[in-house]
Amino acid sequence: MDILMVGGVLLLLMLVLLSGGVWIAMTLAICGWVGQAFFTSTQPAKNLFSAFWESNASWELAALPLFIWMGEILFRTKLSEEMFEGLRPWLNRVPGRLMHTTILGCGIFGSVSGSSAATCATISKVALPELKRRGYDERLALGSLATAGTLGILIPPSITMVVYAVAADASIIRIFLAGFLPGILLMLLFSGYIGWWSLRNPDKVPAADPPSTLREKIRKSGNLIPVGVLIVFIVAVLVTGYATATECAAFGVLGSLGLALWSRSLTWQNFKDGLMGTTRTSCMIMFILAGAAFLTKTMAFTGIPRELAEWVNSMHLSPFALISVLVVVYLVLGTALDGISMIVLTSAVVLPMIQQAGFDLIWFGIFVILLVEIAEVTPPVGFNLFVLQNMTGKDSNTIARAAIPFFACLVICIALITLFPQIVTILPDLVMGVEK
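Keep in mind it's a predicted model, so treat the numbers as computed, not measured. (Residues numbered from 1 in each chain as written. Predicted model: local features only at pLDDT ≥ 70, side-chain atom pairs only at ≥ 80, totals over all residues. Heavy atoms only, no water.)

*Asks:* Please clarify how the overall build of the protein chain should be interpreted in this entry.
*Replies:* Within the protein chain, the regular secondary structure consists of 22 helices and zero strands. At 22 Å, the protein chain has a C-alpha radius of gyration in line with the 22 Å of a compact globule built from 436 residues. When the backbone C-alpha atoms are referred to their principal axes, the protein chain occupies close to 70 × 50 × 45 Å. Burial status across the protein chain gives 52% buried among its 436 residues. The contacts in the protein chain between residues at least 6 apart in sequence include a share of 79% that link residues at least 24 apart. (Helix = DSSP H or I, 4+ residues; strand = E, 2+ residues; numbered from the N terminus. Rg over C-alpha atoms; globule rule 2.2 N^0.38 Å. Buried < 20%, exposed > 50% of the residue type's maximum accessible area, 1.4 Å probe, protein only. Contact = heavy atoms within 4.5 Å.)

*Asks:* In this structure, what is going on with a nonpolar patch on the surface? I would like to understand it.
*Replies:* Among the surface-exposed residues, Ile-173, Leu-181, Ile-184, Leu-188, Ile-426, Leu-430, Val-431 and Met-432 lie close enough to one another that they form a single nonpolar patch of about 770 Å² accessible area. When contributions to the nonpolar patch are tallied by element, the ones reaching two or more residues are helix 11 (172-200) and helix 22 (422-432). Relative to the assigned elements, Leu-430 resides in helix 22. (Patch = residues over 30% accessible without salt bridge, like charges linked within 9 Å, V, L, I, M, F, W, Y side chains within 5 Å. Areas by Shrake-Rupley, 256 points an atom, 1.4 Å probe, with all protein chains shown as cover. Salt bridge = Lys/Arg side-chain N within 4 Å of Asp/Glu carboxyl O.)

*Asks:* How should the packing of helix 20 (residues 383-392) against helix 21 (residues 396-419) be read in this particular structure?
*Replies:* Working note: a packed helix pair is described by the angle between its axes plus the distance between those axes. At a minimum axis separation of 9 Å, helix 20 and helix 21 run at an interaxial angle of 120 degrees. Taken together, the axes of helix 20 and helix 21 lie oblique to each other. The handedness of the crossing between helix 20 and helix 21 comes out as right-handed. Each of Leu-385, Leu-388, Gln-389 and Thr-392 in helix 20 lies in contact with helix 21, whose residues at this interface are Ser-396, Ile-399 and Ala-400. (Axes fitted to C-alpha atoms, helices over the stretch in contact; angles between N-to-C directions. Parallel < 35°, antiparallel > 145°, perpendicular 65-115°, else oblique. Left-handed = near helix turned anticlockwise from the far one by under 90°.)

*Asks:* What is the right way to look at the nonpolar core in this model?
*Replies:* It is characteristic of soluble globular proteins that their nonpolar side chains tend to be buried jointly. Grouped together as the largest cluster of nonpolar side chains are 122 residues, with contacts concentrated most on Ile-285, Tyr-330, Ile-354, Phe-364, Ile-366, Phe-367 and Leu-370. It is helix 19 (residues 361-376) that provides the largest number of residues to this core, a total of 13 residues. With residues near it in sequence (within four places) discarded, Ile-366 still touches Leu-154, Met-161, Ile-175, Ala-178, Gly-179, Pro-182, Ile-417 and Val-424. (Core = buried A, V, L, I, M, F, W, Y, C linked by side-chain atoms within 4.5 Å.)

*Asks:* Sorry, what's going on with the packing of aromatic side chains here?
*Replies:* Aromatic ring pairs are defined here through the distance separating the ring centres and the angle between the ring planes. Taken as a whole, this structure holds 11 aromatic pairs when the rule is applied. Taking the centre distance of 5.8 Å and the plane angle of 65 degrees together, the rings of Phe-190 and Phe-406 count as edge-to-face. Of the two residues, Phe-190 sits in helix 11 while Phe-406 sits in helix 21, which places them 216 residues apart along the sequence. The burial state of Phe-190 is the same as that of Phe-406; both residues are buried. Plain terms: the ring middles of Trp-268 and Phe-271 are 5.7 Å apart, the flat faces sit at 25 degrees to each other, and that makes the pair stacked. Residue Trp-268 and its partner Phe-271 are located together in helix 15 (residues 268-302), separated by three residues, close to a single helical turn. The exposure class assigned to Phe-271 is partly exposed, which follows from its relative accessible area of 22%. One aromatic cluster is present, built from ring pairs that chain together Phe-320, Phe-359, Trp-363, Phe-364 and Phe-367. (Phe/Tyr/Trp six-rings, centres within 6.5 Å; stacked < 30°, edge-to-face > 60°.)

*Asks:* I'm lost on the environment of Leu-64 in this one. Help?
*Replies:* Residue placement: Leu-64 occurs in helix 4 (residues 63-76). Exposure remark for Leu-64: the relative accessible area of 5% places this residue in the buried category.

*Asks:* Whenever I open this one, the environment of Ala-148 confuses me. Can you help?
*Replies:* As for its position among the elements, Ala-148 is in helix 8 (residues 138-148). What makes Ala-148 buried here is its relative accessible area of 0%. For the pair Ala-148 and Leu-177, spaced 29 residues apart in sequence, the C-alpha separation works out to 19 Å. In this structure, Ala-148 is in contact with Thr-102, Ile-103, Cys-106 and Phe-190, ignoring residues within four places of it in sequence.

*Asks:* Could you clarify how one ought to interpret the pattern of salt bridges in this entry?
*Replies:* Where charged atoms of side chains with opposite charge meet at close range, the side chains can pair. Under the criterion given, the structure shown has three salt bridges. Put simply, Glu-138 and Lys-394 hold a salt bridge, and the shortest N to O gap is 3.6 Å. Of this pair, Glu-138 sits in helix 8 while Lys-394 sits in the loop between helix 20 and helix 21; the two residues are 256 residues apart in sequence, bridging distant segments of the chain. According to the relative accessible area criterion, Glu-138 is partly exposed, its value standing at 24%. On the accessibility criterion, Lys-394 (31% relative accessible area) is partly exposed. One salt bridge in this structure joins Arg-174 and Asp-429, with 3.3 Å as the shortest N-O distance. Of the two residues, Arg-174 sits in helix 11 while Asp-429 sits in helix 22, which places them 255 residues apart along the sequence. You can call Arg-174 buried: its relative accessible area is 6%. Residue class for Asp-429 comes out partly exposed when judged on its relative accessible area of 27%. Each of Lys-132, Glu-138 and Lys-394 takes part in one network of salt bridges that share partners.

*Asks:* Could you clarify how one ought to interpret the packing of helix 11 against helix 19 in this entry?
*Replies:* Two numbers describe how helix 11 lies on helix 19: the axes approach to 9 Å, and their chain directions differ by 50 degrees. The angle between helix 11 and helix 19 falls in the class oblique. As for how helix 11 packs across helix 19, the hand of that crossing is right-handed. Judged by residue contacts, Arg-174, Ile-175, Ala-178, Gly-179, Pro-182 and Leu-186 of helix 11 engage Ile-362, Gly-365, Ile-366, Leu-370 and Glu-373 from helix 19. Class assignment for the residues of the contact of helix 11 with helix 19 results in seven nonpolar, two polar and two charged. (Nonpolar A, V, L, I, M, F, W, Y, C, P; charged D, E, K, R; others polar.)

*Asks:* I'm lost on the state of the cysteines in this one. Help?
*Replies:* In protein chemistry, a disulfide is the covalent bond that joins the sulfur atoms of two cysteines. Evaluated as defined, the whole model comprises zero disulfides. A disulfide-free cysteine, Cys-106 has its sulfur positioned 6.8 Å from the sulfur of Cys-120, the nearest such atom. Cys-409 takes part in no disulfide bond, and the closest cysteine sulfur, belonging to Cys-413, lies 9.2 Å away. Since its relative accessible area comes to 6%, Cys-409 is described here as buried. (Disulfide = S-S within 2.5 Å.)

This is the structure in structure tokens:
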């Protein structure tokens, strides 16, 4: 059977299983099993065991439950409420008001965690209950969190960036620097849409508070100091190289526990509830990661990503036509693969094509990472959709529909960096000089 037809069969099977209510992780594993058992000569049982072990036996992945626990502590004590109280007077006159905290929170936390799943899960745990309690539109909140959570892989440091830099034999520092301006641009686009939507739907936004004096704003900003100091500390020890991302996550947990004790809002009950919530969320994410890893092995054995890349290469397209087709290819791959696998499985064929077409490899790295971000919110295997589905009980398709306007912001960002590549390259060139 034609390789691309095999991919179509597996995609159809996945859609049938998901629509039938089969667990997400089980769906991914079943599709992987069918692909290996019927379309390859490998041993699916052996590969299933190795994929499940390799995907979770990772020191870097230890940061995930720790960051989620940090979010649980902030959520279950009064620290998150105090943070929103501190932000409220400053955002009172901005269209959308506290809804912008989802974007700000994901942007700041994304620079610490380097993980889309951890960013989405942690900020959702803190922001969603507060926004719902204050009367903000839940649909807009879900859409913004699903897409803004992807900032974890665009704003450095990012594991996905490191993988791309190794695959492309490019400077890791350069690609880290290249991610800052597109990350800020994307945050502005997300916040811009929230502001526009709020102006169009004033009845769905809580009424503004009475104007505050500067003294009152500064007084209420004192509520931001505890969590603000914690975030600045985590970012500082990471940037200075004093600690790894996993160690930063451990510092974050200790810091949030210390702050909760200091504010006298930590009880044995909310400590226990936070620990159980962390366990449930972390197990859910890791189970999905394991299923995705097994499906990735199936994709590698069948050769579907390489076949797609070679098919594009055989078309001998002009540079911008090549970019347009690669957008489609990566979006198709994103329905079944995680971002790192997309990069690893296609880089050997795609990167020489990109160089031959005259594109900068650093620019293309950010371009691919933005496409990976889109894949995170694209059904049927949009990872952030799964995270929010399990946290809120909402159907992943409902969350995906809520994310469509923010999805469009991602597309606009890709178009802007394609038309103006200097958005990506100017910062690395200024800091490290122009590459020859």
